[in-house]
Amino acid sequence: MSEWRWKDPAQGALLRYEPGNWGDILKGEWLCLWLEWKAAAGARGLRYQDPFCGWSEYPVTEATRGRVTASPATRYANYLGLSSASLVSRHAESLGLRVESRLSDRETALELLPCDLLLFDPYDFFERWPDWNDLLLEASRDRDVVVYLYNKSPRGASPFRQYQSLRERWKGRPLVMGRVAADAVLPRAWHEVWLVGPSAQDPTLRMRLQEATLALHRHVSDGGAFEC
Ligand SMILES: C[S@@+](CC[C@H](N)C(=O)[O-])C[C@H]1O[C@@H](n2cnc3c(N)ncnc32)[C@H](O)[C@@H]1O
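In short, a report on the structure. Values in this document were obtained by computation on a predicted structure and should not be read as measured data.

Quick look at helix 7 (residues 203–225)
Given 3.6 residues per turn, any residue in an α-helix points the same way as the ones three and four places further on.
Piece 1. Helix length check: helix 7, at 23 residues, gives a terminal C-alpha distance of 31 Å against a target of 33 Å (1.5 Å per residue), a fit within 8%.
Piece 2. Those residues of helix 7 that sit buried are Leu205, Leu209, Ala212, Thr213, Leu216 and Val220.

The structure is reproduced here in structure tokens:
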């Protein structure tokens, strides 16, 4: 763990997606809402594990900045350009929560550490879920796990079946899921964020996640629904 370090930003060409996309926005809002809910419940400290944490910061284009500013994602907008790990530590700090972060990335093998919140956001859970799913099912028995999934179901029957098999494995487990289109005009995939684990059963947290997700969903889909 101690040998881990942030990636060199000069590796920017290796980025596989645009930082600040709708998936990052949804994930960031959910993480902020989870932290706020935790702080309101009286938590003072938090152990956070992020085994695919990437860089601490990402380059953001003007177009992305404009899109985020115009969106209802007011929490994420404060942290645009930061990784989730940086967002969690800054937002937690603003709420008076002490965070112990356990960060790693491709360089280290995946090892589950004791924690309160695990963010599971590798490339590419949709394709590789059979490698990791049992571990997540186990981890979410005693801790909250936020999972990001680039759901390729809109591309056809085969990816949709792949998605259905994954969801089948989670049947009966506490799971809250938010979904927004990857693009208003060319929706080739869904950005999905899941919360699995004990807190997924809390009605207040569920309601807040639902409100934020629906607001974002309407904002994205309305933008592609009517032109004049
Ligand atoms: C989507 S990025 C992470 C973004 C970060 N979680 C955030 O929200 O700011 C995925 C990261 O997973 C890392 N990774 C590590 N091991 C991997 C593996 N075996 N397969 C796929 N991605 C892996 C990549 O290097 C990359 O930094």
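Some details on the pairing of strand 5 (residues 175–181)
Piece 1. On strand 5, burial follows the alternation: Val176, Gly178 and Val180 on one face are buried, whereas Leu175, Met177, Arg179 and Ala181 on the facing-out side are not.
Piece 2. The pairing of strand 5 with strand 6 (residues 190–196) spans seven bridges and is antiparallel. Paired with Val180 across the bridge in strand 6 is His191.

Here's the deal with unusual backbone geometry
Piece 1. The step from Tyr123 to Asp124 runs through a cis peptide bond, and the omega angle for that step is -5°.
Piece 2. By the secondary structure assignment, Asp124 is in the loop between strand 3 (117–120) and helix 5 (125–139).

Considerations on the site of the ligand
Piece 1. If you check the shell around the ligand, you find Asp50, Phe52, Cys53, Gly54, Ser83, Ser84, Asp105, Arg106, Leu119, Asp121, Pro122 and Tyr123 and nothing else.
Piece 2. Class assignment of the residues belonging to the shell around the ligand gives a composition of five nonpolar, three polar and four charged.

Considering the sheet that holds strand 3
Strand pairing in a sheet takes place through backbone hydrogen bonds and is either antiparallel or parallel in direction.
Piece 1. The sheet built from six strands is open, its strands ordered 2-1-3-4-6-5 with mixed pairing. Strands at the two margins of the open sheet, each flanked by one partner only, are strand 2 (98–103) and strand 5. Between one strand and the next, the sheet's axes are offset by a mean angle of 15°, whatever the strand orientation.
Piece 2. Sheet topology note: the strand 1 (residues 45–50)/strand 3 ladder contains two bridges and is parallel. Opposite Gln49, over in strand 3, you have Leu118 as the bridge partner.
Piece 3. In the packing of helix 4 (residues 84–94) onto the sheet, contacts are made with strand 1, strand 2 and strand 3, and the angle to strand 2 comes to roughly 170°.
Piece 4. Set on the sheet, helix 7 makes contact with strand 5 and strand 6; between it and strand 5 the angle comes to about 15°.

Side note on the environment of Ser71
Piece 1. Here Ser71 lies in the loop between helix 2 (62–70) and helix 3 (74–77).
Piece 2. Expressed as a C-alpha distance, the spacing of Ser71 and His219, which sit 148 residues apart in the sequence, is 6.7 Å.
Piece 3. When near neighbours in sequence (up to four residues on either side) are disregarded, Ser71 contacts Ile25, Leu216 and His219.

So, the packing of helix 1 (residues 22–40) against helix 4
Piece 1. Interaxial distance between helix 1 and helix 4 falls to 10 Å at its minimum, and their mutual angle equals 30°. In terms of orientation, helix 1 and helix 4 fall into the roughly parallel class. Taken as a pair, helix 1 and helix 4 cross one another with a handedness that is right-handed. Touching Lys27, Gly28, Leu31, Cys32 and Leu35 of helix 1 are Ser84, Leu87, Val88, His91 and Ala92, all from helix 4.
Piece 2. Counted by class, the contact of helix 1 with helix 4 contains six nonpolar, three polar and one charged residues.

So, the environment of Gly20
Piece 1. By the secondary structure assignment, Gly20 is in the segment before helix 1.
Piece 2. Separated by 61 residues in sequence, Gly20 and Gly81 place their C-alpha atoms 6.8 Å apart.
Piece 3. Aside from chain neighbours lying at most four places away, what touches Gly20 is Ile25, Val60, Thr64, Val68 and Leu80.

Thresholds applied
- Residues numbered from 1 in each chain as written.
- Predicted model: local features only at pLDDT ≥ 70, side-chain atom pairs only at ≥ 80, totals over all residues.
- Helix = DSSP H or I, 4+ residues; strand = E, 2+ residues; numbered from the N terminus.
- Expected span 1.5 Å × (residues − 1).
- Buried ≥ 20, exposed ≤ 12 C-beta atoms within 10 Å, placed from the backbone.
- Pairing = 2+ DSSP bridges.
- Near = placed C-beta within 6 Å.
- Nonpolar A, V, L, I, M, F, W, Y, C, P; charged D, E, K, R; others polar.
- Axes fitted to C-alpha atoms, helices over the stretch in contact; angles between N-to-C directions.
- Contact = placed C-beta atoms within 7 Å.
- Parallel < 35°, antiparallel > 145°, perpendicular 65-115°, else oblique.
- Left-handed = near helix turned anticlockwise from the far one by under 90°.

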